[in-house]
Amino acid sequence: MESNFAFLARSEPLARLGADAERFLWEEPDLALFRLRQFAEAFTSHVFAARTGGPAPQMATLADQIRDLYDLGHITITVWGKLRTLKDRGNDAVHPGGASGAATTNQFRKDAEACLRTAHELGFWLHSDLPGGGSSPPEFRLPPKPPGKDSSASRIARVEMDLEAARELADERGRLDEAELRIDRVRTRLSSGGFTKNLDAFASGLLQLKCDSVSISIDNHRGRVKPALDREAFQERCRSLVATGDDAVWAAVSEFGNRLAVGELNAYRFKEAEDWCSTLVKAREARNTAGSVLVGQVEIQDWHLGAVLGTRGQARCFLAHLEGDSTWLGFGLEDFARAEDAFVDSSDKQRQRVYQMHAHLERIRLGDSNELPADLELRKWLEEHAAGVARKLSNGDAVPSEVHADLFVIDVVLKAADLLNDPAPSWARPLAAVLARELVDSEPLDHPYEHLCGRLSLLLGSDCPTALQEALLVTAGQGSDRQGLVPLIAKAFVLERAFRENGEMTGAELDDFMAARPAALTEAWNTHGLDHRFAKLCEEGSLGPLRIMPFNYA
């Protein structure tokens, strides 16, 4: 029997995902539901491309993307409901025992059968409503029971589902233990000869790469400092996979490399992070040497390339401080501009503009400039956006976790006010009160809250809630065993606040701070003679070398 989704052959990967779901229906219905959730994701991307000319917002959740399509009038309320059904039932399969409770195999099968019909109806809508449609597809027919399992396809799908679950759990931050259990289960499967015997080396290698990406992400979320990885092995991995020219492979390789680079930032290995990203950018450019789309010559919209360029820009801004050389800031600004061109979604572009403002402010801090560039409209927009987010938080219309990306905008506005001697924004005090109420407990602050609390502490002085200062102390190492830049940055804000209050920095405080620096950072600062400069900045009331770019732990 031909697949019910064969009529979508021109709309890959919809036809393949639908056929996979049919194949898994009888024996492994949870995998069928997982594939149908992926069908909903691919469907949403197709509609975005057809209606807007660009991809779906990468930073948004599937629920957000579906809602955006409806709000923009690109889908009907009926289509919205069907997509939500595929998403919700797929979530039940990926996270059994979650909000909807544990489900039995029989329940999964009933849900999968209903969702197959729903996906077929969505395919018909896509086929008939969007440009390029054609004749009506055949009537839906329940697929017959297969003679046996497709072991390689089901095994790959099972691993992909566990990886997806681990990635989602890691993004929730508070469920990292569960995410690690998922990853351990995947690693056990991938190391089993019985599991891999029906998989070719390429498929096995790609699954291992995706597993490593999520594992690194979990370590980054925890602030763990991993040992330096083998650069040659990484380059070979890039060459062997990117050489295929497959966009899905490029996405997997770039995701792995980008998360690895963020981990290097967390370990203070800034040049290594810059090198990893440069390797990825060169690999991306090499893929296009025979075509008309060349990075750096014309605009290319590639979310993964934009993410890598954004990370490299941050690494280069760290290097500007490490070496006391603002030339790196110029390179960083070029990366942020190229990253903005690579993105389509406005929120992704916004983050790169925020990074550009950070880099301009760091240029001022290093003495290379006395004022911001002429793009005052950008600063005005940032201030208005930050004020809007702060009002939402203060009014209880949102919780901090819902506006995580927007907090980077608030951070740069507070940084500009402090560096340029502007008065604290009117929303700073209400925001501090909200953060004190929502975030402060016995746990250390997560990124970017250590930046926000630190800057509010400096700007508001005695008007800043005591609870925020106590949270900075916990994050700085008193009762926290977290590694990485976050506790060190918190310590920098604590010391600077003390300096502004007392008018001096005692030798003991400075010695304590110096002793807290990891060996890798100490060695680099000594190499460039920054110890004296650092002490001088302390005396002047600014701990500049650590109050630097925000970065993601993703």
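Residues numbered from 1 in each chain as written. Predicted model: local features only at pLDDT ≥ 70, side-chain atom pairs only at ≥ 80, totals over all residues. Heavy atoms only, no water.

Right, let's get into the environment of leucine 83. Among the structural elements, leucine 83 can be located in helix α4 (residues 77–94). Judged by its relative accessible area of 0%, leucine 83 is buried. Along the backbone, leucine 83 and arginine 37 are 46 residues apart, and their C-alpha atoms lie at a distance of 8.5 Å. With near-sequence residues (within four places) excluded, leucine 83 lies in contact with Ala40, Phe43, Thr44, Ile66, Ile75 and Leu122. (Helix = DSSP H or I, 4+ residues; strand = E, 2+ residues; numbered from the N terminus. Buried < 20%, exposed > 50% of the residue type's maximum accessible area, 1.4 Å probe, protein only. Contact = heavy atoms within 4.5 Å.)

On to the pattern of salt bridges. All told, the structure shown has 26 salt bridges when counted by the stated rule. Where arginine 35 meets glutamate 160, a salt bridge forms, and the shortest distance between an N and an O atom there is 2.9 Å. Of this pair, arginine 35 sits in helix α2 (residues 29–52) while glutamate 160 is found in helix α6 (residues 151–171), placing the two residues 125 residues apart along the sequence. The salt bridge involving glutamate 340 is made with arginine 353; its shortest N-O contact spans 3.1 Å. Placement of the pair is glutamate 340 in helix α14 (residues 327–342) and arginine 353 in helix α15 (residues 346–365), with a sequence separation of 13 residues. A relative accessible area of 18% places glutamate 340 in the buried class. Each of Arg37, Glu164, Arg167, Glu168, Glu255 and Arg259 takes part in one network of salt bridges that share partners. (Salt bridge = Lys/Arg side-chain N within 4 Å of Asp/Glu carboxyl O.)

Closest axis-to-axis distance for the α14/α15 pair is 9 Å, and the angle between their directions is 165°. One way to sum up the angle between α14 and α15 is to call them roughly antiparallel. Considering how the two elements wind past one another, α14 and α15 form a crossing that is left-handed. For the pair α14 and α15, contact is made by Leu329, Gly330, Leu333, Phe336, Ala337, Ala339, Glu340 and Asp341 and by Lys349, Gln352, Arg353, Tyr355, Gln356, Ala359, His360, Glu362 and Arg363, respectively. Residue composition of the contact of α14 with α15, by class: seven nonpolar, four polar and six charged. (Axes fitted to C-alpha atoms, helices over the stretch in contact; angles between N-to-C directions. Parallel < 35°, antiparallel > 145°, perpendicular 65-115°, else oblique. Left-handed = near helix turned anticlockwise from the far one by under 90°. Nonpolar A, V, L, I, M, F, W, Y, C, P; charged D, E, K, R; others polar.)

Taken N-terminus to C-terminus, the directions of helix α17 (residues 407–419) and helix α19 (residues 449–460) make an angle of 30°; their axes are 10 Å apart at the nearest point. Judged on the interaxial angle alone, α19 and α17 are roughly parallel. Pair α17 / α19 crosses with left-handed handedness. Mapping the contact onto sequence places Leu407, Ile410, Asp411, Leu414, Lys415, Ala417 and Asp418 in α17 and Tyr449, His451, Leu452, Arg455, Leu456, Leu458 and Leu459 in α19. Its residues placed into classes, the contact of α17 with α19 shows nine nonpolar, one polar and four charged.

Turning to unusual backbone geometry, a few remarks are in order. The backbone of asparagine 421 sits at a positive phi, close to 60°, despite the residue not being glycine. For asparagine 421, the location among the structural elements is in the loop between α17 and α18 (428–438). Classification of asparagine 421 by relative accessible area gives exposed; the value is 71%.

Within the structure shown, the criterion is met by seven aromatic pairs. In this structure, arginine 23 packs its charged tip against the face of phenylalanine 24, placed 5.7 Å from the ring centre. (Phe/Tyr/Trp six-rings, centres within 6.5 Å; stacked < 30°, edge-to-face > 60°. Lys NZ or Arg CZ within 6 Å of the ring centre and 35° of its normal.)

To continue, consider helix α20 (residues 466–475). For α20, the full list of buried residues reads Leu468, Gln469, Ala471, Leu472, Val474 and Thr475. Just downstream of α20, glycine 477 is the residue with a positive phi angle, here 130°.

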